[in-house]
Amino acid sequence: MLRAGLGRRSCRCGGGLWRSPCPAAAGGSASPRCPRALSAASPSNGGGARSGGASPAGASNVKPLDGVKILDLTRVLAGPFATMNLGDLGAEVIKVERPGAGDDTRAWGPPFAGTESVYFLSVNRNKKSIAINMKDSKGAKLIRELAAVSDVFVENYVPGKLAEMGLGYEDIKKIAPHVVYCSITGYGQTGPVVQRGGYDSIAAAVSGLMHITGHEDGEPVRPGVAMTDLATGLYTYGAIMAGLLQRYKTGKGLHIDCNLLSSQVACLTHVAANYLNCKIEAKRWGTAHGSIVPYQAFKTKDGYIVVGAGNDQQFVTVCKILNLPEVSKDSRYKTNTLRVQNRKELIDILSTRFSEKPTIEWLRLFEGSGVPYGPINNMQQVFSDPQSEMGSPPACTYFVLLLNSNRSRDLNLKGAEHF
């Protein structure tokens with residue numbers, strides 16, 4: 001038996017079964033197109049199922065967020081990424097999805113693992129899923145009941161949308177004053193464009209990230225992964241942790257406002273500071289850096305290597321490895337400021353030398369030098385690297401709860417299925 005452990009109150013629903021396929025509707029009906037539950041459990045824990053926020057035996061195994069319950073109404077990437085990380089720390093995450101279709105990303109593919117979108121699986125480990133039609137009065141009532149026994153409420157709807165259903169912050173605050181309520185939007189809660197939907201690429205464009213990404217003389221480029229969504233997810237993750245600490249001190253919940261635009265603008269760091277303080281307009285540098293030289297990728301005989309000389313001594317070491325002692329002594333390259341001013345001439349010299357040897361030989365020569373360096377790896381190389389294997393993610397299990405609002409409700413769960 002799996003017990004969701006929703007504290008003082010419980011619901012009996014759908015015969016109390018954790019089942020697959022997912023999801024049947026609360027205030028709606030299941031569709032034959034419903035996705036299936038999938039576990040990505042690794043051998044490290046025998047592929048066993050997590051039981052919500054229940055702590056493993058032994059105090060040393062207690063996770064930081066064991067016992068914390070999170071009601072997750074988010075979809076796509078930023079919100080699910082944040083709640084997945086909270087789940088990794090032991091929180092019990094109940095993901096609310098649309099009846100029949102579920103999270104939009106369930107349909108994003110190929111590739112698929114069986115019938116499941118790999119994209120969806122990548123940001124939804126350590127969660128339980130429940131399908132609820134929130135537009136139905138029974139579904140909205142169930143959300144309020146779940147919120148009342150949760151510690152955190154996370155949503156990423158357009159501002160005002162949940163309030164129309166009686167599920168906005170002020171509504172939830174009345175029945176659950178202790179809840180840390182977090183809203184994730186494209187543009188925040190106030191301002192002229194808050195009603196616009198927020199997607200990563202749009203926010204990356206509006207925030208200036210695309211303007212500074214790409215080849216120096218090329219067109220703006222979208223980063224290879226949704227960095228704006230991921231950065232927002234990490235800000236959200238940290239804000240929720242801080243909110244829980246504040247509630248611990250005050251006994252009161254609060255409303256957290258996270259959004260894609262603000263998160264990405266905050267991540268512009270020195271690029272934004274250059275403009276705000278010196279009115280220097282940003283530009284694209286490819287793999288290079290506007291304020292540090294050399295710090296970029298160099299083409300080798302058979303691939304690429306990235307090398308960064310963050311100080312003058314490291315630059316001298318780079319020149320020694322490349323057997324270019326005269327370059328380190330050249331007055332044009334004595335300091336980083338001078339190297340930035342004479343970037344083109346210096347990079348031409350270094351590039352010519354790097355092209356003479358294969359990547360593996362350069363890696364051997366730089367090993368132990370104290371200079372930051374590394375190859376540009378493809379995915380096969382990333383996941384066969386011994387260092388990458390040391391940081392593999394924990395075992396994870398994804399559950400789907402079949403909920404029927406027409407039954408008495410109880411999250412006393414039998415028939416768990418994980419595979």
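Structure: see above.
Residues numbered from 1 in each chain as written. Predicted model: local features only at pLDDT ≥ 70, side-chain atom pairs only at ≥ 80, totals over all residues. Heavy atoms only, no water.

## Observations concerning the overall build of the protein
Part 1 of the argument: Helix and strand counts for the protein come out as 16 helices and 15 strands.
Part 2 of the argument: Here the protein holds 419 residues, and 46% of them are scored as buried.
Part 3 of the argument: Nonlocal contacts in the protein, meaning residues at least 24 apart in sequence, comprise 73% of its contacts between residues at least 6 apart.
Part 4 of the argument: Total accessible area on the protein is roughly 20,900 Å²; 55% of this is exposed by carbon and sulfur atoms. (Helix = DSSP H or I, 4+ residues; strand = E, 2+ residues; numbered from the N terminus. Buried < 20%, exposed > 50% of the residue type's maximum accessible area, 1.4 Å probe, protein only. Contact = heavy atoms within 4.5 Å. Areas by Shrake-Rupley, 256 points an atom, 1.4 Å probe, with all protein chains shown as cover.)

## Let's talk about the pattern of salt bridges
Part 1 of the argument: Scanning the entire structure with this criterion turns up 15 salt bridges.
Part 2 of the argument: Between Arg339 and Asp312 there is a salt bridge, with its nearest N and O atoms 2.9 Å apart. In this pair, Arg339 is assigned in helix α12 (residues 336-341) and Asp312 in helix α10 (residues 312-321), connecting sequence segments 27 residues apart.
Part 3 of the argument: Judged by its relative accessible area of 0%, Arg339 is buried.
Part 4 of the argument: One salt-bridge network, held together by shared partners, links Glu97, Arg106 and Glu116. (Salt bridge = Lys/Arg side-chain N within 4 Å of Asp/Glu carboxyl O.)

## Description of the sheet that holds strand β13 (residues 373-375)
Part 1 of the argument: Judged by pairing direction, the sheet is antiparallel, and its three strands sit side by side in the order β11-β12-β13 without closing on themselves. The open sheet terminates on both sides in strands that have one partner only, identified here as β11 (295-299) and β13. Direction aside, the axes of adjacent strands within the sheet are offset by 20° on average.
Part 2 of the argument: Pairing between β11 and strand β12 (residues 304-308): five bridges, direction antiparallel. Within the sheet, the bridge partner assigned to Ala297 lies in β12 and is Val306. (Pairing = 2+ DSSP bridges. Axes fitted to C-alpha atoms, helices over the stretch in contact; angles between N-to-C directions.)

## Thoughts on the pairing of strand β8 (residues 152-155)
Part 1 of the argument: Judged by which residues are buried, β8 turns out to be covered on both faces: Val152 and Val154 on one side and Phe153 and Glu155 on the other are all buried.
Part 2 of the argument: Relative to β8, strand β3 (residues 69-73) is paired through four bridges, and the arrangement is parallel. Along β8, the bridge assignment pairs Asp72 with Val154.
Part 3 of the argument: By the bridge criterion, four bridges tie β8 to strand β9 (residues 180-185) in an arrangement that is parallel. In the strand pairing of β9, Val154 is matched with Cys182.

## Remarks on the packing of aromatic side chains
Part 1 of the argument: Counting across every chain of the model gives seven aromatic pairs.
Part 2 of the argument: Each ring, one from Phe298 and one from Phe354, has its centre 4.6 Å from the other, and the planes form 20°; the classification is stacked. Of this pair, Phe298 sits in strand β11 while Phe354 sits in helix α13 (residues 343-354), and the two are 56 residues apart along the sequence. The residues Phe298 and Phe354 share a single accessibility class, namely buried.
Part 3 of the argument: Above the ring of Tyr157, the side-chain terminus of Arg75 is found at 3.9 Å from the ring centroid. (Phe/Tyr/Trp six-rings, centres within 6.5 Å; stacked < 30°, edge-to-face > 60°. Lys NZ or Arg CZ within 6 Å of the ring centre and 35° of its normal.)

## Things to note about the side chain of Asp72
Part 1 of the argument: Summarising the element assignment, Asp72 is placed in strand β3.
Part 2 of the argument: Relative accessible area serves as the criterion here: at 0%, Asp72 is assigned to the buried category.
Part 3 of the argument: In this structure the side chain of Asp72 is engaged in a polar contact, spanning 2.8 Å, whose partner is the side chain of Thr83.
Part 4 of the argument: Filtering out sequence-adjacent residues up to four positions away, Asp72 remains in contact with Thr83, Val93, Ile94, Lys95, Val96, Lys127 and Val154. (Polar contact = N/O pair within 3.5 Å; in protein donor to acceptor, adjacent residues only side chain to side chain.)

## Description of the side chain of Glu145
Part 1 of the argument: Among the structural elements, Glu145 can be located in helix α3 (residues 137-148).
Part 2 of the argument: Exposure remark for Glu145: the relative accessible area of 15% places this residue in the buried category.
Part 3 of the argument: A polar contact of 2.6 Å, which involves the side chain of Glu145, links it to the side chain of Lys141.

## Focus on a nonpolar patch on the surface
Part 1 of the argument: Judged by side-chain polarity, Tyr199, Ile202 and Val206 come together as a nonpolar surface patch covering roughly 300 Å² of accessible area.
Part 2 of the argument: Along the chain, Val206 falls in helix α6 (residues 200-206). (Patch = residues over 30% accessible without salt bridge, like charges linked within 9 Å, V, L, I, M, F, W, Y side chains within 5 Å.)

## A short note on the environment of Leu338
Part 1 of the argument: Residue placement: Leu338 occurs in helix α12.
Part 2 of the argument: Judged by its relative accessible area of 28%, Leu338 is partly exposed.
Part 3 of the argument: For the pair formed by Leu338 and Val293, sequence separation is 45 residues and the distance between their alpha carbons is 9.1 Å.
Part 4 of the argument: For Leu338, the residues in contact, after removing those within four places along its chain, are Ser331 and Arg332.

## Comments concerning the packing of helix α1 (residues 78-88) against helix α7 (residues 227-250)
Part 1 of the argument: The N-to-C vectors of α1 and α7 enclose an angle of 45°; their axes lie 8 Å apart at closest approach. Classified by the angle their axes make, α1 and α7 are oblique. Relative to α7, the crossing made by α1 is right-handed. Counted together, Ala78, Phe81, Ala82, Asn85 and Leu86 of α1 and Asp229, Leu230, Thr232, Gly233, Leu234, Thr236, Tyr237, Ile240 and Met241 of α7 form the full contact between these two elements.
Part 2 of the argument: Broken down by class, the residue content of the contact of α1 with α7 amounts to nine nonpolar, four polar and one charged. (Parallel < 35°, antiparallel > 145°, perpendicular 65-115°, else oblique. Left-handed = near helix turned anticlockwise from the far one by under 90°. Nonpolar A, V, L, I, M, F, W, Y, C, P; charged D, E, K, R; others polar.)

## Let's talk about the environment of Gly253
Part 1 of the argument: With respect to the element layout, Gly253 can be found in the loop between α7 and β10 (254-259).
Part 2 of the argument: It is 7.9 Å that separates the C-alpha atoms of Gly253 and Lys173, two residues lying 80 residues apart in sequence.
Part 3 of the argument: Residue contacts for Gly253: discarding those within four places in its chain leaves Tyr169, Pro177, His178, Val179 and Arg247.

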